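One letter stands for each residue in the lines below.
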Amino acid sequence: MSEFLSNKDGYRVAVAGATGAVGQVMLEILEERKFPVSELVPLASHRSAGSRVKFKGEELVVQDLEQFDPAGIDIALFSAGGGTSLDHAPRFAEAGCYVIDNSSAWRMHEDVALVVPEVNPEALEMARHNRIIANPNCSTIQMVVALKPLHDAVPIKRVVVSTYQAVSGAGSRAIEELATQTRNLLNGKEVKVDVLPARIAFNVVPHIDVFLDDGYTREEQKMILETQKIMNSGILVTATTVRVPVFYGHSEAVNVTFSAPMNAEHARDLLAAADGIAVVDDPAGEDYPMPMEAGGTDAVWVGRIRDDASCANSLHLWVVADNVRKGAALNAVQIAELLVR
């Protein structure tokens, strides 16, 4: 790819939603990965404007997104909700800024790139004309990272995925709801349900986002449509998405059917050699990925790799990742890194 931004020592970077959970991690990752930031501008709604965030040892004042003039900003990382992105991403793009948006607002627009750097970096070419790039859904990101090296070796026909998604995917209020419900149940107190569809403590809830007319939820629909767009393929995908009482880290049971023979041993070798993937797969030692170990890490962890005896040319995978890092903030920063490479 030819360069997107002129080569220089540092870039002016705005983070919209800088006071939120994902925005905070975006700031941390920009610093950790030594992204060439000449100026960092934290933005949020008027309710959070005036508060402060830390970046590279400095306290920065959060500015009001509504009032901010984006002229001169090179890259904006948005994690402020779909409505906010629809209102403000075009404004930033028209000012000459590349916008990397973490909401679902732009993902399925035909002329907007939906990018996972390990999977389809070439899709960034679409951003040259409108300067808006969409970050995929967290559960989609980790799955396609695991599917890509396998699909490149033997084209995939069908994917059946069941997710086990942490409450952090529903925001900070859902994290607090799990903590409060757990504490209250253990102390014999009343449990209230305010954020999630049902009690989450000591429970699993097969309901993420709203139900659609066909019985799927919107989260399931996102996984289906986004996978096909990212992989640029007619892969058949079906999904069941489930919320579980875990704070951070999404897990997925993925069944993959290929167009030709593919066995577990070959798949294990391909995954171990792929960028962004860590294979932990030792049944004899009872070693496999778990969200409590994946939390705070950048890799997509894959284990329980085994042949599906019930269906020809099929495998089972267990895929785990930190949904706030690789599922959101890290993927956005990696896209920004492609823009300045």
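Look up: the structure comes first, before these words.
Residues numbered from 1 in each chain as written. Predicted model: local features only at pLDDT ≥ 70, side-chain atom pairs only at ≥ 80, totals over all residues. Heavy atoms only, no water.

1. Side note on unusual backbone geometry
To keep things clear, this is the line we draw: Strands are runs of DSSP state E lasting at least 2 residues, helices are runs of H or I lasting at least 4, and numbering of each runs from the N terminus. Working definition: with a 1.4 Å probe on protein chains only, accessible area under 20% of the residue-type maximum means buried, over 50% means exposed, and in between means partly exposed.
Positive phi values are uncommon outside glycine, yet Arg 304 reaches one of about 50°. With respect to the helices and strands, Arg 304 occurs in strand β14 (residues 300-307). A residue is classified by how much of its surface remains accessible, and Arg 304, at 38% relative accessible area, is partly exposed. Phi is positive for Asn 313, which is not a glycine, with a value near 55°. Tracing the backbone shows Asn 313 in the loop between β14 and β15 (314-321). Residue class for Asn 313 comes out partly exposed when judged on its relative accessible area of 27%.

2. Looking at the packing of aromatic side chains
Put simply, the test is: Working definition: rings of Phe, Tyr and Trp (its six-membered ring) pair if their centres are within 6.5 Å, and the pair is stacked with planes under 30 degrees apart, edge-to-face with planes over 60 apart, and tilted otherwise.
Tallied over the entire structure, the rule returns four aromatic pairs. Taking the centre distance of 5.2 Å and the plane angle of 85° together, the rings of Phe 78 and Phe 92 count as edge-to-face. Linking Phe 78 in strand β6 (residues 75-78) with Phe 92 in helix α2 (residues 82-94), this pair joins segments that are 14 residues apart in sequence. Each member of the pair, Phe 78 as well as Phe 92, carries the same accessibility label: buried. Residues Tyr 164 and Trp 318 carry aromatic rings whose centres are separated by 5.5 Å and whose planes lie at 55° to one another, so their mutual orientation is tilted. Separated by 154 residues along the polypeptide, Tyr 164 in strand β10 (residues 156-165) and Trp 318 in strand β15 bring together distant segments of the chain.

3. Section: the environment of Pro 36
Counted only if it meets this: Throughout, a contact is declared for two residues whenever any of their heavy atoms are within 4.5 Å.
Note on placement: Pro 36 falls in the loop between α1 (21-32) and β2 (37-44). Sequence separation of Pro 36 and Glu 337 is 301 residues, and the distance between their C-alpha atoms is 9.1 Å. Beyond its immediate chain neighbours, meaning those up to four positions away, Pro 36 contacts Asp 9, Gly 10, Tyr 11 and Val 340.

4. Here we look at the layout of surface pockets
How we decide: Grid points spaced at 1 Å and placed over the protein atoms alone form the basis of the search, with a cavity being a set where a 1.4 Å probe fits but cannot get out and a pocket an open set showing protein on both sides within 12 Å along at least five of seven lines. Lining residues have an atom within 4 Å of a point. Grid points are joined across faces, edges and corners, and a volume is the space filled by probe spheres set on the points.
As a volume, the largest pocket reaches approximately 1,300 Å³. Taken together, 47 residues line the largest pocket, and the ones lying closest to its centre are Ser 79, Ala 80, Gly 81, Gly 169 and Gly 171. Looking at the lining of the largest pocket, the elements that each hand over two or more residues are α1, α2, α5 (172-186), α6 (218-231) and α9 (325-340). Its volume calculated, the second largest pocket comes out at about 190 Å³. Taken together, 15 residues form the lining of the second largest pocket, with Asn 120, Lys 229, Ile 230, Met 231 and Asn 232 sitting closest to its centre. Within the residue set of the lining of the second largest pocket, elements represented by two or more residues are β8 (113-114), α4 (138-153) and α6. Of all the elements, α6 adds the most residues to the lining of the second largest pocket, at three residues.

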